[in-house]
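Breakdown of the fold
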Amino acid sequence: MNLRDLKQQAQQDLASVHNSQELENWRIKYLGRKSSLSLFFDNLKDLPLEEKKEKGKEANEIRQFLKTIYTQKKQELEQSQAQGQYFDVTRPGLKIEKGHLHPLTLVLREIVHSFEKLGFEIVLGPEIETEYYNFDALRIPKNHPARDLWDTFWLTSGLLLRTHTSPVQIHYMEKHEPPFRIIVPGKCFRFEATDNHHDIQFHQVEGLMVSEKITLANFKFIVQEVLDDLFKGQVDLSFRPSYFPFVTSGLEVFIRPKNKSHSQWLEVMGAGMVHPDLFKTVGYPPNLWQGFAFGLGVERITMIKYGIDDIRLFFNSDLRFLEQF
Ligand code: PHE
């Protein structure tokens, strides 16, 4: 085929191209490695010098021309597609990114579900608290050294960001008579230095079960049940004495994965028997009720469950982290 015919033919063909697949076929036919134009270039070397120069120049111009109309057509197709003028069924689809639930949401849901199976009711409380509910009613008066356990974000109005979910114990008992068993999932805040196990915001699940004859044995059973459920029986628990002003016989629960028995125990909750003063504060008659309370650290549980080594990853919005769940 002579070069001029080739040019005409290519233009004609291009006019009937309607989608990206056809365009690609066109490109292969006229600009591809096996196109007649490429063959023409291959054969140039056998021509005498003068002719080589002349034909070579012409072929180059045609190639340039074909490339230009190819690019134009491509843009045209893309544009009309973008404007929705027609739908190119041959175009590869766009990958649809699916959203992810945050790892804390996943674990929080599991925790809540485990407690629901044991008959616990879900209760919520405010994240902004008064000094009374966050501290005084929980036997942590001003100037009491125990306040240092909870470094506090104070708001200008004298209010504060709750440092734990325990104030909801008081809110709930003010309005409800035992027997009851509740959990309170929620966000807490502490004004303290961060490290890989401490952040200024985190989640707790408070638990409160009050009835006539509740003991620490009930607490142990329930905690064992829930943690077994969460970790499919794959963690060991350790109960160690501790101090919280709002409980008697305060303790902390530590856990450790069974398959990592050499690793460190991680503290995941504080607990104890509800201090009788709290019952008095909310107006219950003396010596009638007893109960246990606990505060479970959701981040800590999630870290063990998924092998995450830095609590600060939860809130820094790094997609490379979040997309793994
Ligand atoms: N509120 C305590 C904390 O944040 C945990 C706790 C809750 C301890 C209930 C005992 C009973 O550290």
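No experiment lies behind these values; they were computed from the predicted model shown.

Observations regarding the overall build of the chain
A tally of regular secondary structure across the chain gives 11 helices and nine strands. Here the C-alpha radius of gyration of the chain, 36 Å, is well above what a compact globule of 325 residues would show, namely 20 Å. C-alpha atoms of the chain, sized along the principal axes, occupy 115 × 45 × 35 Å. Taking all 325 residues of the chain together, the buried fraction comes to 43%. Considering only intrachain contacts with a sequence separation of at least 6, the fraction spanning at least 24 residues in the chain is 66%. As displayed, the chain has an accessible area near 18,700 Å², and 52% of this comes from carbon and sulfur atoms. For the chain, the centre of its 40 positive side-chain charges and the centre of its 43 negative side-chain charges are spaced 6 Å apart.

Observations regarding the packing of aromatic side chains
A full pass over the atoms with the stated rule returns 18 aromatic pairs. With a centroid separation of 6.0 Å and 40 degrees between ring planes, the pair formed by W150 and F246 is classed as tilted. Here F246 lies in the loop between β6 (235-241) and β7 (247-257) and W150 lies in the loop between α6 (131-134) and β3 (160-161), a separation of 96 residues in the sequence. On the basis of relative accessibility, which here comes to 6%, the residue F246 falls in the buried class. Each ring, one from F219 and one from F239, has its centre 6.3 Å from the other, and the planes form 80 degrees; the classification is edge-to-face. Within this pair, whereas F219 is found in helix α8 (residues 216-231), its partner F239 is found in strand β6, the two being separated by 20 residues in sequence. For F219, a relative accessible area of 1% puts it in the buried group. One Lys or Arg, R240, reaches over the ring of F254 and ends 4.1 Å from the middle of that ring.

Section: the packing of helix α1 (residues 3-15) against helix α4 (residues 49-82)
As a packed pair, α1 and α4 sit with axes 11 Å apart at the nearest point and diverge in direction by 5 degrees. For the element pair α1 / α4, the angle class is roughly parallel. Across the interface between the two elements, L3, R4, K7, A10, Q11, L14 and A15 from α1 touch K55, E58, A59, I62, F65, L66, I69 and K73 from α4. Residues of the contact of α1 with α4, tallied by class, amount to nine nonpolar, one polar and five charged.

Some remarks on the sheet that holds strand β8 (residues 266-274)
The strand order β1-β4-β5-β9-β8-β7-β6 describes an open sheet built from seven strands, whose pairing is mixed. Every interior strand has two partners, whereas the edge strands, β1 (121-122) and β6, have only one. Summarising the sheet, β1 and strand β4 (residues 180-189) pair through two bridges and their orientation is parallel. Residue pairing across strands places E121 opposite I182, the latter belonging to β4. Sheet strands touched by helix α7 (residues 167-175): β1, β4, β5 (201-211) and β9 (290-297). Its angle to β4, the strand with the most contacts, is close to 140 degrees.

Observations regarding the pairing of β4
In terms of residue burial, β4 counts as a mostly covered element, since eight of its 10 residues are buried. When β4 meets β5, the two strands line up antiparallel, connected through 10 bridges. Among the inter-strand pairings, I182 is bridged to a residue of β5, identified as L208.

Let's talk about the pattern of salt bridges
Under the counting rule described, the total for this entry stands at 13 salt bridges. A salt bridge links R27 to E24, with the nearest nitrogen and oxygen atoms 3.0 Å apart. Highlighted residues: R27 and E24, both in helix α2 (residues 20-31), separated by three residues, approximately one helical turn. In this structure, the salt-bridge partner of D229 is K117, at a minimum N-O distance of 3.0 Å. Separated by 112 residues along the polypeptide, D229 in helix α8 and K117 in helix α5 (residues 103-117) bring together distant segments of the chain.

Digging into the environment of K220
Summarising the element assignment, K220 is placed in helix α8. Take K220: its relative accessible area is 45%, and that puts it in the partly exposed class. Counting along the chain gives 50 residues from K220 to G270, while the straight-line C-alpha distance between them is 12 Å.

Some words on the site of the ligand
Taken together, the neighbourhood of the ligand is formed by 15 residues, with H164, S166, R190, Q204 and G295 sitting nearest. Side-chain polar atom of S166 to a nitrogen atom of the ligand: 2.9 Å apart, as the coordinates give it. At a separation of 2.9 Å, an oxygen atom of the ligand approaches a polar side-chain atom of Q204. Considered on its own, the ligand offers 330 Å² of accessible surface; in the complex 93% of this is hidden by protein. In terms of residue class, the shell around the ligand is built from seven nonpolar, six polar and two charged.

Observations regarding the nonpolar core
Counting residues in hydrophobic clusters, the biggest one holds 40 residues, and the most contacted among them are F219, F292, F294 and I301. When near neighbours in sequence (up to four residues on either side) are disregarded, I301 contacts V107, L227, L230, F231, I255, V268 and L296. If you look at the next biggest cluster of nonpolar residues, it comprises 28 residues, including A137, I170, V274 and F279.

Criteria and thresholds
- Residues numbered from 1 in each chain as written.
- Predicted model: local features only at pLDDT ≥ 70, side-chain atom pairs only at ≥ 80, totals over all residues.
- Heavy atoms only, no water.
- Helix = DSSP H or I, 4+ residues; strand = E, 2+ residues; numbered from the N terminus.
- Rg over C-alpha atoms; globule rule 2.2 N^0.38 Å.
- Buried < 20%, exposed > 50% of the residue type's maximum accessible area, 1.4 Å probe, protein only.
- Contact = heavy atoms within 4.5 Å.
- Areas by Shrake-Rupley, 256 points an atom, 1.4 Å probe, with all protein chains shown as cover.
- Lys, Arg positive; Asp, Glu negative; His and termini not counted.
- Charge placed at Lys NZ, Arg CZ, Asp CG, Glu CD.
- Phe/Tyr/Trp six-rings, centres within 6.5 Å; stacked < 30°, edge-to-face > 60°.
- Lys NZ or Arg CZ within 6 Å of the ring centre and 35° of its normal.
- Axes fitted to C-alpha atoms, helices over the stretch in contact; angles between N-to-C directions.
- Parallel < 35°, antiparallel > 145°, perpendicular 65-115°, else oblique.
- Nonpolar A, V, L, I, M, F, W, Y, C, P; charged D, E, K, R; others polar.
- Pairing = 2+ DSSP bridges.
- Salt bridge = Lys/Arg side-chain N within 4 Å of Asp/Glu carboxyl O.
- Near = heavy atom within 4 Å.
- Polar contact = N/O pair within 3.5 Å; in protein donor to acceptor, adjacent residues only side chain to side chain.
- Core = buried A, V, L, I, M, F, W, Y, C linked by side-chain atoms within 4.5 Å.

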